[in-house]
Number of protein chains: 2
Amino acid sequence: MANLNQVSSSKMFGGYQKVFSHESSELRCTMKFGVYLPPAAESGKVPVLYWLSGLTCTEQNFVTKAGAQKYASELGLIIIAPDTSPRGVGIEGEDDSYDFGSGAGFYVDATQDKWKQNYRMYTYLPALINANFPTIPDRQAIFGHSMGGHGALICALRNPGMFRSVSAFAPICNPSKCPWGKKAFTGYLGSDANVWQDYDATCLVQKYSGPPLEILIDQGKADNFLADKQLLPENLMEACTSTKTPIIMRMQEGYDHSYFFIASFIEDHIRHHAKFLKA
Amino acid sequence: MANLNQVSSSKMFGGYQKVFSHESSELRCTMKFGVYLPPAAESGKVPVLYWLSGLTCTEQNFVTKAGAQKYASELGLIIIAPDTSPRGVGIEGEDDSYDFGSGAGFYVDATQDKWKQNYRMYTYLPALINANFPTIPDRQAIFGHSMGGHGALICALRNPGMFRSVSAFAPICNPSKCPWGKKAFTGYLGSDANVWQDYDATCLVQKYSGPPLEILIDQGKADNFLADKQLLPENLMEACTSTKTPIIMRMQEGYDHSYFFIASFIEDHIRHHAKFLKA
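All figures in this text were calculated on a predicted structure; none of them were measured in a lab.

Now for the relation of the copies chain A and chain B. The transformation that overlays chain A on chain B combines an axial shift of 0.0 Å with a rotation of 180 degrees, and the residual RMSD is 0.0 Å. Such values leave the two copies arranged in the relation of a two-fold axis. In terms of proximity to the rotation axis, the leading residue of chain A is Lys65(A), whose C-alpha is 2.6 Å off the axis. The share of interface residues of chain A whose copies in chain B are also at the interface is 100%, consistent with both copies meeting through the same surface.

This is the structure we're talking about:
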């Protein structure tokens, strides 16, 4: 992360929405990420909120569609939005499907020969943290959407104390049990489903013993992937209930899986995180 | 406008962001437009705000990037966002440049043989009005960005009383005098520059005699098209000053021409319009 190249910079809500590229030694390719710097970052260190995006996304989707910057500006938070997979690494078949390979890194470190040299999003993420921006190291939070909601939950659950809060929009809550997760985990991690548990929020919540995490989740009731059993929030709820893990699961009448849904509730999520980040 | 086909519908801020397609007899092609219906539209008629987009845009740019729906929901306004030109009409060369032809209709009715059958955006726009949505006919306002800011200004100035208010982000204020405008007007309207004045806000403001229009304009000082003399807000200011036309021209330090700039000030613009629409 030594060298960041600024790809773009636009003033927004008094701060700056920027995109940087850098050579990732972890992923062995050039990666881009978005960062919003609030006005408060000009004069001191501020907390940081990480956003992980869903299948097919780049860093652009969140940056252009979520409407988060207004609240990050007001509350004085940096928001970092990484890409969703290595790019252009030349693995045969990497661009063949929307839910595996490019744009579908699933925030795991692959163990299978074909993918393990590059598909290491789980280890890649911390490299973005605190490295180049005026962030306060112990004031971090994480959130995400769909595949990125899964990513946010597993990052928080596997790293007790690293994130003060975690939230998600329509996360893939139990990837070991849904078609997207089974395909991705088989491909990246192999066919032994026991190994998958380390990257499955519903499994991880059952062994979590770190500081209390008050998980906030919004899930649209009209989300077609909910109907398709890709998201399985009921399984995460059951695991949280049985382990007495605090969770706020809001089932939102009429909302789908899109960024229109995310934009509608992004303010709630950012204020939720600010409560913990600024406590 | 008899038959609208719903292309998409997503719940957003309690209302619905929809996209429709329809066969336009005016433009002789299939057109799409976006419409945000606030919760208040479910139980009665509400005012309507038209958004006109800039060069290269479709109806999607505003719908996904401007962050307008939150305020339209709160204030009970319908927002309609049309496309920026006819599409796929098969005129030779229509896709050859970003600033003429497809995506660059310039909100005029073309008079030149090659374009005049289809490029009639000026006449097309009113067909979208009140036809299919629960709008209050005498409570309409209009705004836009860049080429669409030009479009909003000329629509308001040429139709006294039709719009209660008009605003723009970085509008092309004096198209007769800038490279974009000269290219477009020569192509669509021919080489007689006298004809161009009917579609030039700086010229129109000098003969406007309708009800007072309190024009609101935001212009980023770091906008590269301002430096390139494509926008010429100073010419519109001069015309407004000499004719005592009320105008609020805000030069915004550090902001560029992007939707990040628009999103930063969209709330101000929608509240400005609501003041007149709900008076």
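Let us keep going from here.
Residues and elements named next belong to chain A. Taken as a whole and judged by the stated rule, the model has 44 aromatic pairs over all chains. When the centroid spacing of 4.9 Å and the interplanar angle of 80 degrees are considered together, the rings of Phe100 and Trp115 count as edge-to-face. Note that Phe100 is positioned in the loop between strand 5 (78-82) and helix 3 (121-127) and Trp115 in the loop between strand 5 and helix 3, a separation of 15 residues in sequence. Pairing Phe261 with Phe265 gives two aromatic rings, centres 5.9 Å apart and planes at 65 degrees, and the pair type is edge-to-face. Pair noted here: Phe261 and Phe265 are both in helix 10 (residues 259-277), with a separation of four residues, about one helical turn. The exposure class assigned to Phe261 is buried, which follows from its relative accessible area of 0%.

Right, let's talk about the interface of chain A and chain B for a bit. Listed as interface residues are 23 residues of chain A and, on the opposing side, 23 residues of chain B. Of the charged contacts, one joins Lys70(B) and Glu267(A) as a salt bridge, the two residues approaching to 3.1 Å between their closest N and O atoms. Counting across the chain A and chain B interface gives 12 residue pairs in polar contact (both at pLDDT 80 or more). Elements with a contribution of two residues or more to the side of chain A that touches chain B: strand 1 (5-12), helix 1 (60-65), helix 2 (69-75) and helix 10 of chain A. Broken down by element, the residue count for the side of chain A that touches chain B peaks at five residues, all from helix 10 of chain A. Considered class by class, the residues forming the side of chain A that touches chain B number eight nonpolar, nine polar and six charged.

What counts and how
- Residues numbered from 1 in each chain as written.
- Chains lettered and ligands numbered in written order.
- Predicted model: local features only at pLDDT ≥ 70, side-chain atom pairs only at ≥ 80, totals over all residues.
- Heavy atoms only, no water.
- Least-squares fit on C-alpha atoms with pLDDT ≥ 70 in both.
- Contact = heavy atoms within 4.5 Å.
- Phe/Tyr/Trp six-rings, centres within 6.5 Å; stacked < 30°, edge-to-face > 60°.
- Helix = DSSP H or I, 4+ residues; strand = E, 2+ residues; numbered from the N terminus.
- Buried < 20%, exposed > 50% of the residue type's maximum accessible area, 1.4 Å probe, protein only.
- Salt bridge = Lys/Arg side-chain N within 4 Å of Asp/Glu carboxyl O.
- Polar contact = N/O pair within 3.5 Å; in protein donor to acceptor, adjacent residues only side chain to side chain.
- Nonpolar A, V, L, I, M, F, W, Y, C, P; charged D, E, K, R; others polar.

From the geometry alone we can't say anything about function, so treat these as descriptive.
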